[in-house]
Every structure is written in structure tokens, then in C-alpha cells.
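# Remarks on the overall topology
Each chain, letter by letter, is given below.
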Amino acid sequence: MAKIGINIATGSLQKEEMIVGIDLGTTNSLVAIIHPDSNQPVALREHNGTSLVPSIVHFGENNSITVGEDARKLLIRDPANTIYSTKRLMGKSYNDIRDNASFYAFKVHDDNTESLVKVQVGPQFYTPVELSSFILKELRSRAEHILKTPVTKAVITVPAYFNDSQRQATRDAGRLAGLDVLRIINEPTAASLAYGIGLNKEEEKAIAVYDLGGGTFDISILKIHNGIFEVLSTHGDTYLGGDDFDQLIVKKWVKEHKIGEERLQNDKELMQTLRLKAETAKVHLSSKDVFIDHIGDIQLQVTVSEFNKLIQPYITKTLGACEIALKDAGLKKQDINEVVMVGGSTRTPLIKSLVSDFFGLSLHDTLNPDEVVALGAAVQANILAGNNKEMLLLDITPLSLGVETMGGLMDVLIPRNTKIPTRVSRNYTSQKDGQSGIVISVFQGERDLVKDNRKLASFILEGIPAMPAGLPKVEISFLINADGILLVNAKEIRSGTEQSIEVKPQYGLTDSEVEKMLMDSIINAKDDIKTRALTEAKTEAAQLIDTTLNFIEKNKEYLTPSEVDQTNEAINALRNLISQGTKDELQFQIEKLNEISRPYAERLMDIAIRKAIGGKNISDNY
Ligand code: AMP
């Protein structure tokens, strides 16, 4: 099947263009390519030698956007407008991140719903997809500057534990940045590829990838078999990394010099300087025995043995996670053939030696641990470009396959470029009370609205027993067999009702039609993603209106007439916006209606609990 590239700058189709590998990281991002002369993966560097671009976006006056080191410098001075760790928000709702909301110094919009989270900067709302697209755009333009050629095709890496919607969000971010994302690959897979593991098709191995960065720890257990990587298990800690080690050193110094909590609170500059010195000390101790420095008259000293003692419990914790990952994978330590080290913190000698002891193996640690994931993405890109003749590409799906969801949106189940055979399932539900049938329409294409894609088939799953909206659980699975035939199956789990259909996805499409569909998707990316966001906001608004009306109807007796009026007013305002409002206006009004109705729900809950515990008042809200 065809591999197609589109030069966004000229609109022309190119078959030979370089494909870059991108590590879109939580803290830093970077781009790598296969060097045309050496045929080896290399990270792209600025004049000053740095390859890492901090994954930080700053919004300045007049809508100016700065990404990277310059944005990082504004973290302390302008926290409300400087957005970091966007990757932690990808594909998440506010409810998902509520417990860690204090981690962010900027405003993550609390809409108290399951819909995708947004970041508020002044009057503007940004989705994590948009924020990531700013980072990718910056990476792309830096790469174009260094390579002196347009860059339009990329392989982007994501953590192995990223779910479908987080992967789709990453794909969308690439598309918004004008990139044709040929494949999303797992970070541990990329790291293994960078060391050449898996390039020999005869190889059959179990691999442990130990990834300790600045803020996160991940362990992944992979199996490589016939040139295909399979993730057997992942485990980790999303808030454990080198930053914690810096904090340990800071605490030690603060204790030694009896620097009071109050002084630290009042002297942010001292706190910040201590933190930076601690990081310098940590890095220094990766190659030296002792660090000595001072801030004014505060003497700072830390030895390797002191440092090792401080971090030991954290490393033990990571090894505990390794045990769990092994158990989940159904493997023992002795079954692991290769251990790959990823992330800046794995430069610490104690970590290397303890991980090596744990697995009883020598480590793959010769490549730069900050760059290894991007290097592997470049290796994968090179395979996709057909430059690695030994590595035969398995058949792939040329266009994405999905189903139509509310508002005529395309929900992709199998993204394009997925190796076949493959199987994916996802759960859906009904929109209306007592709905007895659900129409399942299958589409092929890259656009966000199904009307712009190609309809392959449609069938009705009938005989669903009457249930309230949202209760039926319809599992739709797509199976593409080795011949490229798609089998779509829909099953209502609660009742067991089931229906299948067979489709030949590629039927009737020539290479040039596929090319056109791809090009259209990139040209229209911005509008498409905007339309999708608007449609989603409209659907959310309509659902909220329904539930709120229902709620008022059932619980009138607990509300005052003026509360009912106020709620109806907010409902009407929202209803008007559904026909002509913008996404931000809708979101704003949704939040307003939520704010009005939230206390009612809490009040009712209290009443219910009070009734249940025999009239004792547990809240003074009512
Ligand atoms: P990453 O998130 O993979 O970029 O890793 C960044 C983390 O690696 C930060 O906490 C750095 O302080 C840490 N780091 C960078 N260089 C070293 C080093 N030589 N020794 C120990 N930690 C390091």
C-alpha cells in the first residue's frame, strides 16, 4: 500500500521527503532524523548544541506565543500565562486531574465534567491539543531551519500507557501543526529501536525499558516477536523523578542552615536559587564525589554518599514498580533479555547500578538518555520511508477507519498506518431514553466530520431492551484481517444483542484518491478541529439542558421559585447559544449553568443522606 507525503508549503505530493522523529515530552521535546551520510539517527541541534526544547508555551501581549527556553524563563515571572506539562492533560477531563490540580500554576478550567480539559489564559481557552500543536509547530520550524527543507511528515512518540483518545489527541496536535503524522509509536518501543533492538526480524526477546525523567517514572515490559513490538505491561509513578531528588538536597541544606519556613515563603528567589543549585549538585555528583558551592554566606555541600542515601528510598520504589510490571507481564526477572535506560535521571550512577543488579544484566545506556526516544522515532521514520530494506513493512491501513458519533463526528477506531491484521473495540451508549436501535455507520478518512469522509457501510443494531439514555453498553469492534477485509461487530453487552457486517475498506479507491483524502485532511485541519470542538460543546450543552430540565422537574419541591427562574434563564441562554454561539461562549455558559445547579445537587444529596441516617444534619448548607 502507498506511503504518501504532502508538502504543506507547496501543496505538492512528495514521495522522497525526509520523515522526522519527534519526542513530544512532558518537560522537553526534540526532533531527530537519520543522517543521510552516516545513516545513523541524530538529534537536531541549535547553534549552541542543545537539542532539547522545553515543552513550555508562553502567551504574551498581542497574542504572541513563545515556545521553549524563552518560555521557560517566564515560568516564575508570569505563571498564569506560562503553560507547562501539557502532556499530562492530553485526553483528560478536569475530573481526571482534579486531585493534582494544585500542580499547575496556571488556570486549568474546572468545569466539573467528563469533557476534555481546557486551560484558561486570560479570556481564551486552549485545549491540550492546541497547546501541544504550538510546541510541535515550534519543533517543526526549528527542524526546517536546521535542515533547510520543508518538514511535513513525522513519527511522534507517546507513553505506552496512553489510551486511544490520548493518542488521537497527539495525532490531532500534529495535524494542527501542519504535520502528516505517519505513525504514533510507544516511547519504550522507540528507545529499544534506537539501540537496534527489534531490527532483526528473527529476534524474539523480552525487554524492560526503565524511564526516569524529571517528573515521571515509567517501566515498560515489551516483547519483540517477528519485528512487532508488543507492550506486555506498564507501571510507574506520574509524580516521581529527578525534581524530587533536587528537593531532597534542598531540604538537607535548609535543615543544615536552619533556614526557617517563613524565610523561604517570603524569599522566593532564595528558594529558586537553592533548587537550581541542588540540580547542579545532583548533575555534578553523577561524575564527581562531592559538590561545594555557596549562596551569599550560605555554604552548600553534599557528597555522593549523602546523596545516594537520600535517593535510595525513591529508587527502591521504582524497583517495586518493576516487580509489579514483571508480574503483570507474567514474566520473571530472568526472562528479561535487554534493559534500556531512558530519561535524564538515569545518568545517576546509583540508579544504573541498582537497576543493573535488579535485572542481573548490563544496561543499554550508551546513547544520550534524553534523546534516545527521539532517535528511535527517527529509526521508525526511516523504516516507514522505505530506506531500511531489510525491515519489511507489514501492510498498513492507508486511511483511518471509524464510526459516526453524535453531531456527525468521526470517531476513529483504527488510525491510518496501523499494521494489519489488527483488532480494536470501544464502548458506546445511547443518547435517548428507551432507544431500541442504534445506527452504526462506518467511515473511512481523515476528516473530523463524517460528511467529509467516505461511507463504507451502515447497519442497525436492533432489539436493545428499553433502558434510560446512557445505560446501554454497545461494544463496537473493528477487525481487519490479513487480507484487508474489515469486519465490524456491534454488541449490546447488557442484553447480548449482536450484529456484524463485512466491509472491504479500500475497495474502489485509487492511490490518487487516497492522496487527495490525506491532503484535504491536512489543509482543513484547523477548521476541522474547530468544528469538532464546537460540535462537542453543542452536544455537551444539549445534554446538560436535558439533565437539568429533568432534575428541576423531579425536584421542584426542594427549589425556591427564584432558583427555578434563575436556572431556566441560564438554560434559555445556553439553548440560544447552541444555534449561534462559539465554542468558548458555549463553554462559558455551560460552566455558568453548572455553577447554578451544582449546589442543588449537593443539597439533594444532603437531604437523601439525612433521611438515610435518620434526620441528623450533616451539613449546614440547607
Ligand atoms: P528528562 O525529563 O528525561 O529530560 O530528565 C530530566 C531530569 O534529568 C532532570 O531532573 C535533570 O536534573 C536530570 N538530569 C540531567 N542530567 C543529569 C545527570 N548528569 N545526572 C543526574 N540527573 C540528571
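Note that this is a predicted model, so its numbers are computed, not measured.

## Re the overall build of the protein
Helices and strands together make up the secondary structure of the protein, namely 15 helices and 28 strands. Here the C-alpha atoms of the protein give a radius of gyration of 27 Å, agreeing with the 25 Å that 2.2 N^0.38 yields for 622 residues. C-alpha atoms of the protein, sized along the principal axes, occupy 70 × 65 × 55 Å. Looking at the protein residue by residue over its 622 residues, the buried ones come to 50%. Positive and negative side-chain charges of the protein, numbering 70 and 84 respectively, have mean locations separated by a distance of 1 Å.

## As for the site of the ligand
Among the 16 residues in the neighbourhood of the ligand, the closest are listed as Gly214, Glu279, Lys282, Ser286 and Gly344. Within the side chain of serine 286, a nitrogen or oxygen atom sits 2.6 Å from a nitrogen atom of the ligand. At 2.9 Å from an oxygen atom of the ligand is found a main-chain nitrogen or oxygen belonging to glycine 344. Summarising the interface, the protein chains cover 83% of the accessible area of the ligand, which totals 510 Å² for the free molecule. Per element, the largest residue contribution to the shell around the ligand is three residues, and it comes from helix H8 (residues 268-284). The class makeup of the residues in the shell around the ligand is one nonpolar, ten polar and five charged. Here the shell around the ligand gathers at least three residues from each of two domains, domain 1 (1-195 + 367-393) and domain 2 (199-366).

## Considering the sheet that holds strand E9 (residues 82-83)
The strand order across the open sheet formed by three strands is E8-E7-E9, and the pairing between neighbours is antiparallel. Where the open sheet ends on each side, the last strands, each with one partner, are strand E8 (65-67) and E9. The pairing of strand E7 (residues 57-59) with E8 spans three bridges and is antiparallel. Considered in E8, the bridge of valine 57 is made with valine 67.

## Description of the nonpolar core
The tendency in soluble globular proteins is for nonpolar side chains to be buried as a group. Ranked by internal contacts, the top residues of the largest apolar core, which has 46 residues, are Ile22, Phe59, Phe106, Leu136 and Ile156. Ranked by the residues each element gives to this core, the list is headed by helix H3 (residues 128-147), at seven residues. In this view, phenylalanine 59 contacts Ser64, Ile65, Asp78, Asn81, Ile83, Val121, Tyr126, Leu131 and Phe134; residues no more than four positions away in its chain are not counted. Formed by 45 residues, the second largest nonpolar core is a distinct cluster that contains Ala208, Leu270, Phe291 and Leu354.

## Some remarks on the packing of helix H9 (residues 304-329) against helix H10 (residues 349-359)
Two numbers describe how H9 lies on H10: the axes approach to 10 Å, and their chain directions differ by 35 degrees. Note on packing geometry: the crossing formed by H9 with H10 is right-handed. Packed against H9, whose contacting residues are Asn308, Ile311, Gln312, Ile315, Leu319, Cys322, Glu323 and Leu326, the element H10 presents Leu350, Ile351, Leu354, Val355, Phe358 and Phe359 at the interface. Of the residues that constitute the contact of H9 with H10, the class distribution is eleven nonpolar, two polar and one charged.

## Some remarks on the sheet that holds strand E15 (residues 204-212)
Ordered by their spatial adjacency, four strands build an open sheet running E17-E16-E15-E20, and the pairing between neighbours is mixed. Two strands lie at the open edges of the sheet, namely strand E17 (228-237) and strand E20 (338-342), each paired on one side alone. When the angles between neighbouring strand axes are averaged without regard to direction, this sheet yields 20 degrees. Bridge count between E15 and E20: five bridges; the pairing is parallel. When the sheet's bridge partners are listed, valine 209 is paired in E20 with valine 340. Lying on the sheet, helix H5 (residues 187-194) is in contact with E15, strand E16 (217-225), E17 and E20; it crosses E15 at an angle near 110 degrees.

## So, the packing of aromatic side chains
In this structure the tally under the stated criterion is 15 aromatic pairs. Look at tyrosine 84 and phenylalanine 103: their rings are 6.0 Å apart centre to centre, the planes differ by 70 degrees, and that puts the pair in the edge-to-face class. Of this pair, tyrosine 84 sits in the loop between E9 and helix H2 (94-97) while phenylalanine 103 sits in the loop between H2 and strand E10 (107-108); the two residues are 19 residues apart in sequence, bridging distant segments of the chain. Accessibility expressed as a relative area gives 30% for phenylalanine 103, which makes it partly exposed. Relative to phenylalanine 291, the ring of tryptophan 253 has its centre 6.2 Å away and its plane inclined at 25 degrees; by these criteria the two rings are stacked. In this pair, tryptophan 253 sits in helix H6 (residues 242-256) while phenylalanine 291 sits in strand E18 (residues 290-295), placing the two residues 38 residues apart along the sequence. An identical accessibility class is assigned to tryptophan 253 and phenylalanine 291; each is buried. One aromatic cluster in this structure is built from Tyr84, Phe103, Tyr104, Phe106 and Tyr239. Geometry around tyrosine 239 places arginine 88 over its ring, the cationic atom sitting 4.4 Å from the centre. Taking NZ or CZ as reference, lysine 333 lies 4.2 Å from the ring centre of phenylalanine 358, over its face.

## Description of empty space enclosed by the protein
Taken as a whole and judged by the stated rule, the model has five cavities of 30 Å³ or more. Empty space within the largest cavity amounts to approximately 230 Å³. Forming the boundary of the largest cavity are 20 residues, of which Gln168, Arg171, Arg175, Ser400 and Glu446 lie nearest the centre. Of all the elements in the fold, those that place two or more residues in the lining of the largest cavity are helix H4 (164-176), strand E14 (180-186), strand E22 (409-414) and helix H12 (511-523). Looking at the lining of the largest cavity element by element, the count peaks at four residues for H4. The class makeup of the residues in the lining of the largest cavity is seven nonpolar, four polar and nine charged. Lining the lining of the largest cavity are residues from two domains, each supplying at least three of them: domain 1 (1-195 + 367-393) and domain 3 (401-510). Those elements giving two or more residues to the lining of the second largest cavity turn out to be strand E4 (28-34) and H3. Ranked by the residues each element gives to the lining of the second largest cavity, the list is headed by H3, at four residues. Across the lining of the second largest cavity, the residue classes break down as seven nonpolar, three polar and three charged.

## Let's talk about helix H11 (residues 372-384)
Structurally, the α-helix is built with 3.6 residues per turn, so residues lying three or four positions apart point the same way. Its 13 residues place the ends of H11 19 Å apart at the C-alpha level, agreeing with the 18 Å of an ideal helix rising 1.5 Å per residue. Most of H11 is tucked away, with 13 of its 13 residues classed as buried. With its phi angle positive at about 80 degrees, glycine 386 sits one or two positions after the end of H11.

## Description of the domain arrangement of the protein
Under the domain assignment, the protein is made up of domain 1 (1-195 + 367-393), domain 2 (199-366), domain 3 (401-510) and domain 4 (527-613). With nine residues of domain 1 in contact, the opposing surface of domain 3 contributes eleven residues. Counting each side, the surface lost to burial between domain 1 and domain 3 is near 830 Å², with a carbon and sulfur contribution of 33%. Our count for the contact surface shared by domain 1 and domain 3 stands at two salt bridges. A salt bridge links arginine 416 to aspartate 180; its shortest N-O distance comes to 2.4 Å. Seen at the junction of domain 1 and domain 3, the total is three residue pairs in polar contact (both at pLDDT 80 or more). Residue assignment for the side of domain 1 that touches domain 3 shows that the elements contributing at least two residues are H4 and E14. For the side of domain 1 that touches domain 3, the per-class residue count stands at three nonpolar, one polar and five charged.

About the thresholds
Residues numbered from 1 in each chain as written. Predicted model: local features only at pLDDT ≥ 70, side-chain atom pairs only at ≥ 80, totals over all residues. Heavy atoms only, no water. Helix = DSSP H or I, 4+ residues; strand = E, 2+ residues; numbered from the N terminus. Rg over C-alpha atoms; globule rule 2.2 N^0.38 Å. Buried < 20%, exposed > 50% of the residue type's maximum accessible area, 1.4 Å probe, protein only. Lys, Arg positive; Asp, Glu negative; His and termini not counted. Charge placed at Lys NZ, Arg CZ, Asp CG, Glu CD. Near = heavy atom within 4 Å. Polar contact = N/O pair within 3.5 Å; in protein donor to acceptor, adjacent residues only side chain to side chain. Areas by Shrake-Rupley, 256 points an atom, 1.4 Å probe, with all protein chains shown as cover. Nonpolar A, V, L, I, M, F, W, Y, C, P; charged D, E, K, R; others polar. Domains from an automatic or database assignment. Pairing = 2+ DSSP bridges. Core = buried A, V, L, I, M, F, W, Y, C linked by side-chain atoms within 4.5 Å. Contact = heavy atoms within 4.5 Å. Axes fitted to C-alpha atoms, helices over the stretch in contact; angles between N-to-C directions. Left-handed = near helix turned anticlockwise from the far one by under 90°. Phe/Tyr/Trp six-rings, centres within 6.5 Å; stacked < 30°, edge-to-face > 60°. Lys NZ or Arg CZ within 6 Å of the ring centre and 35° of its normal. 1 Å grid on protein atoms, 1.4 Å probe; cavity = no way out; pocket = protein on both sides within 12 Å on 5 of 7 lines; lining within 4 Å. Points joined across faces, edges and corners; volume = space filled by probe spheres on them. Expected span 1.5 Å × (residues − 1). Buried area = accessible area lost by both parts, 1.4 Å probe. Salt bridge = Lys/Arg side-chain N within 4 Å of Asp/Glu carboxyl O.

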